[in-house]
Each structure stands twice: as C-alpha cells, then as structure tokens.
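# Chain and residue survey
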Amino acid sequence: QVQLVESGGGLVQPGGSLRLNCAASGSVFTILVMGWYRQAPGKQRELVATITSGGWTNYADAVKGRFTISRDIAKNTVDLQMNSLKPDDTAVYYCNVVTRLGNSWGQGTQVTVSS
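Reference entry: report on the structure contained in this document. Everything numeric in this text was worked out from a predicted model, so none of it was measured.

With that settled, the discussion passes to the sheet that holds strand β3 (residues 18-26). Hydrogen bonds between backbone groups are what pair the strands of a sheet, and the pairing can be parallel or antiparallel. Pairing is antiparallel across the open sheet formed by 4 strands, whose spatial order is β1-β3-β8-β7. Strands with a single pairing partner mark the edges of an open sheet, and in this sheet they are β1 (2-7) and β7 (67-72). Within the sheet, the average angular offset between the axes of one strand and its neighbour, ignoring direction, is 15 degrees. Summarising the sheet, β7 and strand β8 (residues 77-82) pair through 6 bridges and their orientation is antiparallel. Looking at the pairing, Asp72 lines up with Thr77 of β8.

Now the structure itself:
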C-alpha cells in the first residue's frame, strides 16, 4: 500500500499563489498516476490535474493556464503550483495515487481564497 502526506494548504488573497506537496511512501514502485482532486462545500469531488509515470499531464478546464502539476520521480512526490487564485478555487484538495493494486488518498488540505 501507498501512504500519502500532504502539505501547503492555507489562506491566500485572490490573485495570489500557493504550492501544494504530496509525498508518497510504501509500495511506490507500482505507481502509475499521481494527481490532485478537490471538493468545495455543496459540490462533488472533481479532478484538478493528473500526471502519469511517463510525464503526461491533464488539467480540468477551470484551472488550465493557472495550475501546474509536477512530480519528482526520485523523491516520489507530486506538487501542484496554483497561481492567479480565485474564490471559486476554495476547497479541500486531496492527493491521489493510482497503482496496479488500487488507489490511495491523502487526508486532504484546506485551500481558502478570500479577501
């Protein structure tokens, strides 16, 4: 199994930036995809961005051009750089890892964008 530890959430003003980090440990040799999801109050959990073990990325339309996902293979980490943040980005952000044995989820980190 894979264990995930997240960090980087917090309070930021509109237009500001924040960087989230997720560190994986355990059965890391079987990781196929790493990604970020988010869930806002009153809404369903939605995909934000994913990156495969080969480096392919995809993004939700709402964050294209503002968010960037990256990974460090040697350190088994995945980051989400969030720029030009909007109040609609306010949500709990979850790290997700897909392996050949199943899925693993982080505990979630709160991101609040407010004046």
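Moving on: unusual backbone geometry. Most peptide bonds take the trans configuration, and most residues that are not glycine carry a negative phi. The phi dihedral of Asn76 is positive, around 55 degrees, even though this residue is not glycine. Mapping Asn76 onto the fold places it in the loop between β7 and β8. One non-glycine residue, Ser84, adopts positive backbone phi at about 50 degrees. By the secondary structure assignment, Ser84 is in the loop between β8 and β9 (91-99).

Rules and cut-offs
Residues numbered from 1 in each chain as written. Predicted model: local features only at pLDDT ≥ 70, side-chain atom pairs only at ≥ 80, totals over all residues. Heavy atoms only, no water. Pairing = 2+ DSSP bridges. Helix = DSSP H or I, 4+ residues; strand = E, 2+ residues; numbered from the N terminus. Axes fitted to C-alpha atoms, helices over the stretch in contact; angles between N-to-C directions.

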